[in-house]
Structures are given as structure tokens and as C-alpha cells.
Amino acid sequence: MLMLLETGYSAGNQSSDAQLVEDIVRDIYGKLCPTERIGIYTRLMEIENLLCEQSWDVRRLGIWGMPGIGKTTLAKAVFEHMSSDYDASCFIDSFDEQLHKEGPHRLLEENFGKILVEKFGVSTSYMTRLSLLKDKLCMIRFLVVLDDVHNPLVAQSFLGRLDWFGPGSLIIITSKYKQVFSLCQISHVYEVQGLNKHEGLQLFSKIVFEKDVLEQNDMELSTKVIDYANGNPLALCIYGRELKEKKSELEAAFLKLKQFPPKKFQDRLKSVYSALGDNERDIFLDIVCFFKGENVDYVVQLLNGCGYFPRVGIDVLVDKCLVTISENILHVTDLIQDIFRDIMAGERIQMERCTTLWQPSSIRYLLEDDELRAEGEPKECHKCLLVAGDIEGICLDTSSLIFDVNPDAFKKMVSLRFLKVYNSYSENVPRLKFPKGLNSLPCELRLLHWENYPFEYLPQGFDLHELVELNMPYSQLKKLRARTKNFEMLKRIRLCHSQQLVEFDIPFEAQSIELIDLQGCTRLECFPAMTTLQHLRVLNLTGCRNIKTVPGIPPHIEELNLQGTSIEEIPISIVASSSRPNCKELMNHMKNFPGLEHIDLEKAKNLIKVSPYDQGFRKLVRLNMKDCFHLRSLPDMYNLESVQVLDLSGCSHLEEIKGFPRNMKELYLAGTSIRELPYFPGSLEFLNAHDCYLLKSVWLHFEQLPRHYTFSNCFSLSLETSIEFLEKGLTKVIKLLKEQNQEHIKAPAFNICFPADVFPGFFDWQASEFAVVELAPFTRKALSGFAMSVIVSFRDDCHNDVGLGIRCICTWETKEGHLDKIEKVFKCWNPAEAPTVEREHIFVLYDAEIHPCAGERMGQNMSADEFKFEFQTVSGDNKPLGVNCVVTDCGVEVIMNSKFDTTFSAVSRASVDIEEVPPHIPKEPEAKISFPPSSKPAKLSTVASKVKSKRFVFPGWVGCVPRVRKIKRDNKKDLMTLI
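No experiment lies behind these values; they were computed from the predicted model shown. (Residues numbered from 1 in each chain as written. Predicted model: local features only at pLDDT ≥ 70, side-chain atom pairs only at ≥ 80, totals over all residues. Heavy atoms only, no water.)

Peer 1: Whenever I open this one, the nonpolar core confuses me. Can you help?
Peer 2: Considering soluble globular proteins, one finds that nonpolar side chains tend to be buried as a cluster. One finds Phe95, Phe112, Leu146, Phe158, Ile173 and Phe284 to be the most contacted residues of the largest nonpolar core, which totals 117 residues. When residues of this core are assigned to their parent elements, the largest contribution, eight residues, is made by helix H14 (residues 278-291). Excluding residues within four positions of it along the chain, Phe112 makes contact with Cys90, Phe142, Val144, Leu162, Trp164 and Phe165. Ranked by size, the runner-up nonpolar core spans 63 residues in total, among them Val405, Phe462, Met472 and Leu490. (Core = buried A, V, L, I, M, F, W, Y, C linked by side-chain atoms within 4.5 Å. Buried < 20%, exposed > 50% of the residue type's maximum accessible area, 1.4 Å probe, protein only. Helix = DSSP H or I, 4+ residues; strand = E, 2+ residues; numbered from the N terminus. Contact = heavy atoms within 4.5 Å.)

Shown next as C-alpha cells:
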């Protein structure tokens, strides 16, 4: 079996034995096999899984990917791996080329004749009429690979001659064109992906440095090359061999290779380029120059008016692996971009005519002011004829040049549709000089993307009637005013970080506009009413600190970003103009905006109050009011039925919340001044109430199990609240476990954090990070899991940078004498979610999956009657946190699956010495917890002792077995009672 080249296996990684063996075999294979097999093992397993999805008939599989990605190598590996499982097999290299050279009859005879004659006694006279022997051959299983198929019709015709294959046979076709597979009736296609980072580094290191492991100082450049090649193995090999000869100047050599790609790899891609029509070539060039990372539908709209057929063209480019689409976004790798630009540049020189320019020297030739050229500096001559009237697209990277632009440079470019001026090094400094100004821009422009635009206004005669997108980040614009009423095409305006912008005007006629981005326009003081803009979906005013009001919001807005503004009043309704101008509150007119999905008011520092309302946005999912420092109260939000996330963290003066959205799932309250919280909705899964120092009580009713609740630094929280919280939470666990057994629902899990001072003492904590639970044999079938608690001591704030989790490792001995285990990391909080944690805190943890097995299988898997637990603090990426954040105490309670009562008994203030079991009930062996000799001496923590001294106890829990307490059973009722 072929194995993937990987290293770094270790038994200390807590992986399973099977995984460890697989890692070792993979590593040994990697050391024995050549570089061509790097990454093969994983892909083989994926192909085997894909084949398993097909019925036991003649199976067909396609292997698809761009040139150099490893299709042939993978197909050969599959062939070598599987051929012994078939009665006969053959691999036809370069299928189209061989078929054209030999013809179908000769090719069939060469590859099948000898096998059929020697193995199955078929006469050569039947070689062209094998279908006549179908009854004789129908039980023979064949494996056939047709490699590098270009023409699907020829391939399908050849496959038609193989209709005598028996069930279980396998036909594999490799191609760089996806349409081949559909025409050959292949529905299962495996797309070969590039090598991942680890595989790429291993291959690159072997070729360039002749080492298995890279030195640290070579890692950065190697990673750049792998990212640039997108993990293409052939590209890494070719680029690696080129760089191997220039180890002393690798960075400079790599930059040169990007400008002048190696001919060997370029030749492999030329065949793909040659197969493109003019429509696809033009579309591809426009995507590479202007639309990488853009939405497909948006690009189609831009190209529709340019004489193209963009939908068809983009589908062809995807089919030929030149473009990929992920989440409806177009992606092109830098490697393909550079190589195809080089191929296209050579082709256009031969054509003596250029329409799209991206080479800085060519663009400078057209734009530069000859009168201001440095004395004696010659003007560069170009083989390609540059006619201003023919230019349709300009993509200029200004990072490597500075020159003076002719004020009439664009005057004759009457066909210019796309203009993009940018700096690839993101230096927000204008590189083009305009000593005489700029007199005009072409009126046919559909895309105007100009970073660091140096003027305060657009040119006087510039008509925007064809413009679809105006994108001018970091511009010097002061005022954007309409000079035409024809704005039917305009869809996007992006002027982010244009810090000189003071006036922004959108005319009534701009009915097609979908996005306005003015983020970081710090001097902008007013914003026009947009209630008539029916298609506006996104409005971003983040960081516009002088904006105090937005007079009208369109009805179909989906994303509204107002963080960092000085908003005092948001009249979210068409009738908002009648509202009081200084009321400093969010107005009660939300019902008019059913499409809004996201409201972001972060750092809207002047917002004081949110008014009550009866109807909410029907689609509002997230409401962010983080760091609204002066916000003091919130109304009942029960009717905001679609809201799932409410972020109020940092609202330090917030004292009152009258009600939460009914279907809310996430609630952030860190740093608020809340004293009492209303009922949580049953849907709530995540709560962060860190640093709510004044919080005393929480109204509780659990329709669902709380998943993740944090009450860190909530030192005012009442003991009664903590007891009720856990009592109801663990009661819900038992109910869910019962439902789970009956209805196969998802296993419950949760983790809850409290300050140690306010936590009830029904866990018997021991001063150790280890614990051993001993179970009586008769309790095994009823075991449903374990409720665990740990006390964590925080000696510094290291968790603030890396996050915090609690790792729980549960081990037990099987009847075969092996140790089995379950490991779970409970994520407590992410970096910066709980910046400073004072004193010790307690984490209560439960996961139904921390359970060796269920029902009758329990006795089969377990040898001893004990479970060993270990608890560790870890970072967000599961690394130990060290001595400054450690588990000091732990406790484990056994959860039993009761057939009767599924609730906990009420809290009792009576004595611990309770005896209510009738004397005639026979005693059973007890369930208890002990600790290994290597752990610290067993003693109750100071917190547990403090709570116990107040005599808060649970005298009888049905369904939960506390530690070191005897179990007695009523044989008649089969009901456990704990004393």
C-alpha cells in the first residue's frame, strides 16, 4: 500500500493506536519512495472511498486537475495499488496521442490482445469483434486506465468497444478538461488538489536543499513558493530546480522567475491556452487583471455589456482548471496568472495589436507626458502597436515606477472599459504625478478602480452613465457630486479611508446601487437620505467619527456598520423625519425593514437608550452594540424572533435589560453593570458574563441544556443562584439522557464557569488534578456519564493571549488488559474574552461522550471497576499553559440513568447526617472515588470547606451518585437512594 510522506508522529500526541500505526507506515514509506509519491497515500484513500460509492457493475472514475497537479502520477499509483485485484489490467499513456498514431484497432490489440490470448484463450481473429465473446468474457474483471484524454468523443467511441467487461471492472480516465467525463458518462470525478503546506515543504526541501526538514531561515521563502505554486507538484519541482542553482540569492531569483516563468512549465499550460476560444481568452484576461476575488454574478454583469458571453466563458475556464469558484467567488492562482499573462503578451506582439495592458512599461509608454520626460531619456519602443482608441482595459501596478502623466492621456481612449490603478505593496502613497492635472476620463468606463486618486474632484466632463463600480480607496476626494442623472448602471461605491472627503451625495436616480463603503472617511460630517434606494444592501460607515445622524435607511438593507461613529439618533423608518432631532435614542420604526440581517453599532459612544418596539426585523440575525459606553437600558426584545447573537460587552453603564430575543443563541455581557438578568430564552447556548461584578441573580428555566456559560469575576452572584443553576442544568442532563436513549438525539455537553467563592459544595473536591472513580459492578449498565469540576488558579493573564481550555483524559482497563481512553478538550474562552481573571474559578464540565460504552457492552469492555481522570489547562490550540494557570483541585460525580424520577431534590439546609433508608433494604457495594498514590494528599479544598461550613448539601439526588457515599437499593422499586 502506498503511504503519504509525513513525519512527526508521536505517542505523546494522544492519538489512537491505529492512527499512530498509520503515521509510522506513512513516514517509512516516505523515506523509501521518491519525491513523485509525496502526498499519494491520502489521495489513494480518498479514491478508494469514492469507488465504494458505486454499485458492483462496471465502475468508472474520472481524475481531473490542472497540468502538473499529478493526475498521471496518481493514476499510476492507483493502477499499481489495485491491478493485482483484477483478472487483467492495462495502462494506456497519452491516450489521444497513441490513438491518433495507432488507430483504435491496433491500440486495442496491443493492450488487450496478449492478455486475452494467453490468459483466456481468445483467438486473435476475434480481437476486433470481442462483443461476440461477451458470454465468455462477462465474468472477467478488467482494470483499464486511459491517461491524458483530450477528445471525449474519441474516448467514448473507444470505450464502446469494451462493452464485454464483466461486473466489478474499473475504467479510469484522467483529463484536464472536466467536460470529458460527462461526455464519457462518468459521474464520479476526483479533483486532484495541490499539495498541502507540509507536503509542499517536504518536496521543495528535497529538491532545493536535499534535506527532509527545512532550516528555519529557509522556511519563509519556501512557504512563499508553495503558496505561489498553489501546491502544484510539477511547478514546485521545476521552480525548485531553477532555485537550487541560486541558493545564495534565492529571494531575487524567485522574483525573477515570477516575471519570466520557466519555459518548461509554460509549455505544459500552452495546450490549455490553445484550446480556448477568443471569448474565453478575453474573459480570462479580464478576470486575471480586474476581477480576482470578485463575486461571479457581479463579474458576469460587468462583462455582459462588453460583447462577451460571460456565463459560458467562465464555465469553460472552470472546466479547464484555469479558474476556480468557491462560495460564488472567482479565484485564480498567482502562478497561472503570471504564466498566462506571459503567453498572452507574446501572442499579442505577434498580432501587432494590444487591447488590454498590464505591463507597466507599456502603460507608461501611453500615459507619460513627453514634454516632462527627463532630458536625454529615450522613449521605449514597443513591438506591439499601441493605439489609444483600441485600449479596452488598463491594469497598472504603480509599485515599481514613478512618472509624470499627460493631462490628456485618457482623452483618446474612447473604448476603455476597465481602469485599475493600484499598488501591490499597499503603500498608500501616490506614485503617479500629475503636474498639469487631469483633464478627462473615458465616459465608457464600467470599472474605475484607482487607489490614492490624487485630486479633490472627478474630472469636469466625466460622465458616469456606464459606470458599474467606483472604487477609490485612500483618495484625496473632498466632494463626490453627481454630474449626470443617468446612474442606472452604478452598483458599488467604495471610497474607504478617503480622509479628505467631507461631502457625499447620491442622486435619486441611482436606484441600482447595492453597496456603499465609506469606512474610515473621518472628515465626513453628513450623509444623504437613502430611503428610496430599493437595492442598497450594505452600508459601511465604520470609523466616520463625525457622522451624528443618518436621515434615512433603505428598506432592504442587510448589513449596517456604524461602529466608531457619533450617532445620536437613528430614525430607521421613512417617517423618521418627524422624530425629535435630539432624542438620542434608537427610534421605534424597525418594522419597515424586514430584510436587515446585521446591525453593528460598536463604539457608538453617544447612544444612551434604545426605545421599546413591538415588531422587529424579520431577518435580523446579529445585533452588535459593543462598547456603547453610555447605553443604560434595553427594552424587552422578545419579538426580535430572528436575532441569534446579541453583543453588549463593554457597555459599562448598562444596568437594565427587560427581555431577550426569544430565539437568541449567543449573549455577550462582559463588563456591563447588570445586577439582575431576566429569563434566558430556552435556545441560549453561549453566555459570556465576564466582569459583571454587580450581577446578583439570574432567572432560569432550561428548555435546552446550557452549552457554554461564563460567570468569571461575577463575585456578587448569590449562592442560591449558583445552586439553582447547577441543579436545573444537571436535571436537564438526566432528562436529555433518557430522551437520547429513546429517540437517539444528540448527546448533551456543557461547561460552566463560576468564581470559587460563590459555588455550592456538592462536589467533593480533592487537592489534585487526578481522580479515580470506583464503580460497583451492578451500576455499570445504569452509568450515563460523569459530571466533573475543576478549580483553576490564575496567577497571571497568560490565557488572555492564547485562550483557555480544560483537557479531560479518562482511562480504564479493558478485559484484554489494554488501556483504553477518551480525551476531550472543553473550550472555556477564546483570547481576549476574559482578559483578567481574579482569584480561583470553578469549571463544571459534562459531555455524554466521556463514557466508555453503553448498556450490555459495558461489562464486555471493562476489566476493572474504576475510571482514572486527569485534568489539564490548555491554550486555544491545545498547548499546556504552564504553572501560572493550573488545575489545583478536581471532583467527579457519577450520573446514573434513572428509570423513575429525573429531577434533583430540593436544596436542604438540614444536617449532613441524614438517614432515611428503611432498615430492611439490603446494602449493595458502594460507589466511591479514590486517588492515586502519586497525587497530593487527599483533602478538601478551602472553597469546598467554606461552603460545607454553611451546611448547604443535597441529601438525596436521584440519578446522580456523589462520591464516597453509600448506595442502597429498594428491590421492589429498583430505585437508588443516596445517603
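Peer 1: Help me out: how do you make sense of the sheet that holds strand E2 (residues 88-92) in this one?
Peer 2: Sheet strands pair by backbone hydrogen bonding; their relative direction is either parallel or antiparallel. Ordered in space as E2-E3-E4-E1-E5, the five strands form an open sheet in which the pairing is parallel. The open sheet is flanked by E2 and strand E5 (189-191), the only strands paired with a single partner. Between one strand axis and the next, the sheet turns through 15° on average, direction left out of account. Across five bridges, E2 lies against strand E3 (residues 142-146) in parallel orientation. Residue Ile92 lies in a different strand from E3, and its bridge partner there is Leu146. (Pairing = 2+ DSSP bridges. Axes fitted to C-alpha atoms, helices over the stretch in contact; angles between N-to-C directions.)

Peer 1: Even after reading the chapter, I still don't get the packing of helix H10 (residues 216-229) against helix H12 (residues 250-259), so can you show me in this structure?
Peer 2: Helix-helix packing: each pair is described by the crossing angle between the helix axes and the interaxial distance. Look at H10 against H12: their axes get within 11 Å of each other, and the N-to-C directions meet at 15°. Taken as axis vectors, H10 and H12 run roughly parallel relative to one another. Read as a crossing pair, H10 and H12 show a hand that is left-handed. Side by side, H10 and H12 meet where Leu221, Lys224, Val225 and Tyr228 of the first sit next to Leu250, Glu251, Phe254 and Lys258 of the second. Split by residue class, the contact of H10 with H12 holds five nonpolar, no polar and three charged. (Parallel < 35°, antiparallel > 145°, perpendicular 65-115°, else oblique. Left-handed = near helix turned anticlockwise from the far one by under 90°. Nonpolar A, V, L, I, M, F, W, Y, C, P; charged D, E, K, R; others polar.)

Peer 1: So what exactly am I meant to see when it comes to the packing of aromatic side chains here?
Peer 2: In this description, a pair of aromatic rings is defined by centroid distance and the angle of the planes. Within this structure, the stated rule accounts for 29 aromatic pairs. Clustering of aromatic rings is evident, with ring pairs tying together Phe410, Phe434, Trp450, Tyr453 and Phe455. Across the ring face of Tyr177, the terminal group of Lys320 is positioned such that the distance to the ring centre comes to 4.0 Å. Its end group placed over the ring of Tyr422, Lys420 keeps NZ or CZ at 5.1 Å from the ring centre. (Phe/Tyr/Trp six-rings, centres within 6.5 Å; stacked < 30°, edge-to-face > 60°. Lys NZ or Arg CZ within 6 Å of the ring centre and 35° of its normal.)

Peer 1: Looking at this structure, how should I read the pattern of salt bridges?
Peer 2: When charged atoms on two side chains of opposite charge get close, those side chains can pair. Under the counting rule described, the total for this entry stands at 23 salt bridges. When the shortest N-O distance is used, the salt bridge between Asp148 and Lys176 registers 3.5 Å. In this pair, Asp148 is assigned in the loop between E3 and helix H7 (152-160) and Lys176 in the loop between strand E4 (170-175) and helix H8 (179-183), connecting sequence segments 28 residues apart. A salt bridge links Arg446 to Glu466; the shortest N-O distance between them is 3.6 Å. Here Glu466 lies in the loop between strand E13 (447-450) and strand E14 (469-471) and Arg446 lies in the loop between strand E12 (432-433) and E13, a separation of 20 residues in the sequence. With a relative accessible area of 23%, Glu466 lands in the partly exposed category. (Salt bridge = Lys/Arg side-chain N within 4 Å of Asp/Glu carboxyl O.)

Peer 1: Explanation requested: the packing of H14 against helix H15 (residues 296-304) in the structure shown.
Peer 2: H15 packs onto H14 with a crossing angle of 120° between their chain directions and a minimal axis gap of 12 Å. Classified by the interaxial angle, the pair formed by H14 and H15 is oblique. Where H14 crosses over H15, the two elements pack in a sense that is right-handed. Packed against H14, whose contacting residues are Ile283, Asp286 and Phe291, the element H15 presents Val299, Leu302 and Leu303 at the interface. When grouped by side-chain class, the residues that make up the contact of H14 with H15 number five nonpolar, no polar and one charged.

Peer 1: Would you take a moment to explain H15 for this structure?
Peer 2: One turn of an α-helix holds 3.6 residues; hence residues three or four places apart share an orientation. Among all positions in H15, only Val296, Tyr298, Val299, Val300, Leu302 and Leu303 are buried. Where H15 starts, the residue carrying a side-chain oxygen 2.8 Å from the main-chain nitrogen of Asp297 turns out to be Asn295. (Polar contact = N/O pair within 3.5 Å; in protein donor to acceptor, adjacent residues only side chain to side chain.)

Peer 1: What is the right way to look at unusual backbone geometry in this model?
Peer 2: Generally, phi is negative for residues other than glycine and the peptide bonds are trans, each holding for most cases. Positioned with a positive phi, Ser94 is a non-glycine residue whose angle comes to about 40°. Its place among the elements puts Ser94 in the loop between E2 and helix H4 (95-102). Ser94 sits in the partly exposed class, given a relative accessible area of 29%. Positive phi, close to 65°, is recorded for Asn713, a residue that is not glycine. Among the structural elements, Asn713 can be located in the loop between strand E32 (708-710) and helix H19 (719-743).

Peer 1: Help me out: how do you make sense of the pairing of strand E39 (residues 866-874) in this one?
Peer 2: Side chains on a regular strand alternate between the two faces of the sheet. With five bridges joining them, strand E34 (residues 770-774) and E39 adopt antiparallel strand pairing. Its bridge partner lying in E39, Glu774 is registered against Glu866. Pairing analysis gives seven bridges linking strand E36 (residues 804-813) to E39, with the strands arranged antiparallel. Following the sheet pairing, Cys810 is matched in E39 by Phe869.

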